[in-house]
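Residues per chain, in single letters:
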Amino acid sequence: MFAANWKMNHAPADAEAFMRQFLAYYPRTQDRTVIFFPSALTLHTLRLALKDRTDIKVGVQNIHWEDHGAFTGENSATIARGTGAKYALVGHSERRHVFGETDEQAGLKVAAAIRAGLTPLLCVGETLAERERGDTIAVVVRQLREGLGKAEIAQVASCLVAYEPVWAIGTGKTASPADANSVHSAIRQELRTLAGDRSEAVPVLYGGSVNRGNAASLLAEAEIDGVLVGGASLDAEAWSAIART
Ligand code: PEP
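Since we're looking at a predicted model, the values are computed, not measured.

Colleague: Can you lay out the packing of helix α1 (residues 12-25) against helix α11 (residues 236-243) for me, pointing to particular residues and giving the numbers?
Modeller: Where α1 meets α11, the axes come as close as 9 Å, and the angle between the chain directions of the two elements is 35°. Our pair here, α1 against α11, has a crossing hand that is right-handed. In this structure, α1 uses F18, Q21, F22 and Y25 to contact α11, whose residues at the interface are A236, E237, W239 and S240. Within the contact of α1 with α11, the residues separate by chemical class into five nonpolar, two polar and one charged.

Here is the structure:
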């Protein structure tokens, strides 16, 4: 699974130009899923640019936890679904640390996504201070419990999870493949506690300064099922190279 988080980049015209280039590099492929998370305002243009490439999915970077109402500036999961989104990022570290989103809100957003028929991609990960205190596993387990704990087993089994150490996002620092793999093992164990055998279906992605040079070694780890990529997904050639890893 190869997910591109464009953050607050690529206006509709840039997205069209990107997709013309990307589709030329990226043939239809059966054994993997590529998902783009563009700006909500670019999502419709991106879907049109994808034309008949139904193998490539789109999602939103954020949703509100209510389905509708007086929440100026926000988008609900229902509205996102109506624009053609199939996935929603929830609890990205920039939402948590720049916008103050809480574990509880992440849990409410996971529930809202499921209600609207979107697949949530819940992001978890520790800050540098938490890592240095030796709290990495405790933090990701707490974020998983709060994020997925209210969902039913079948719903947990249809979610995606990304491990994104906050200190590795946009910094050029990556967790070593072995370190990332051991946190992924702990995530897998907690998913089993939450959803039993059905949790085996939940892909766990790694994110944090992934690029074309390090993607293969991360993906070679047994517990890493895909990557969530920010900066390196903004360039069509670089992103297509990663998506073809
Ligand atoms: C992200 O935004 O989820 C991310 C992992 O960013 P980057 O690849 O730039 O570190």
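Having seen the model, we can carry on.
Colleague: Describe the site of the ligand, with residues and values.
Modeller: Neighbouring the ligand are 14 residues; K7, E164, G170, S209 and G230 lie closest to it. One nitrogen or oxygen atom from the side chain of K7 is found 2.7 Å from an oxygen atom belonging to the ligand. Within the contact set of the ligand, an oxygen atom lies 2.8 Å away from a side-chain nitrogen or oxygen of H92. Isolated, the ligand exposes 290 Å² of accessible area, and the fraction of that covered by the protein chains is 96%. Tallied by class, the residues present in the shell around the ligand amount to four nonpolar, eight polar and two charged.

Colleague: So, the sheet that holds strand β3 (residues 56-60): which residues are in play, and what are the values?
Modeller: Judged by pairing direction, the barrel is parallel, and its eight strands sit side by side in the order β1-β2-β3-β4-β5-β6-β7-β8 before closing back on the first. The sheet shows a mean angle of 25° between the axes of neighbouring strands, taken without regard to direction. Bridge count between strand β7 (residues 204-207) and strand β8 (residues 226-229): three bridges; the pairing is parallel. Bridging from a neighbouring strand, G207 pairs with L228 of β8. Across the sheet, helix α7 (residues 136-148) lies against β5 (119-124) and β6 (160-163), angled at about 155° from β5, the strand it touches most. Here helix α9 (residues 177-195) sits on the sheet and contacts β5, β6 and β7; the angle it forms with β7, its principal contact strand, is near 145°.

Conventions adopted
- Residues numbered from 1 in each chain as written.
- Predicted model: local features only at pLDDT ≥ 70, side-chain atom pairs only at ≥ 80, totals over all residues.
- Heavy atoms only, no water.
- Axes fitted to C-alpha atoms, helices over the stretch in contact; angles between N-to-C directions.
- Helix = DSSP H or I, 4+ residues; strand = E, 2+ residues; numbered from the N terminus.
- Left-handed = near helix turned anticlockwise from the far one by under 90°.
- Contact = heavy atoms within 4.5 Å.
- Nonpolar A, V, L, I, M, F, W, Y, C, P; charged D, E, K, R; others polar.
- Near = heavy atom within 4 Å.
- Polar contact = N/O pair within 3.5 Å; in protein donor to acceptor, adjacent residues only side chain to side chain.
- Areas by Shrake-Rupley, 256 points an atom, 1.4 Å probe, with all protein chains shown as cover.
- Pairing = 2+ DSSP bridges.

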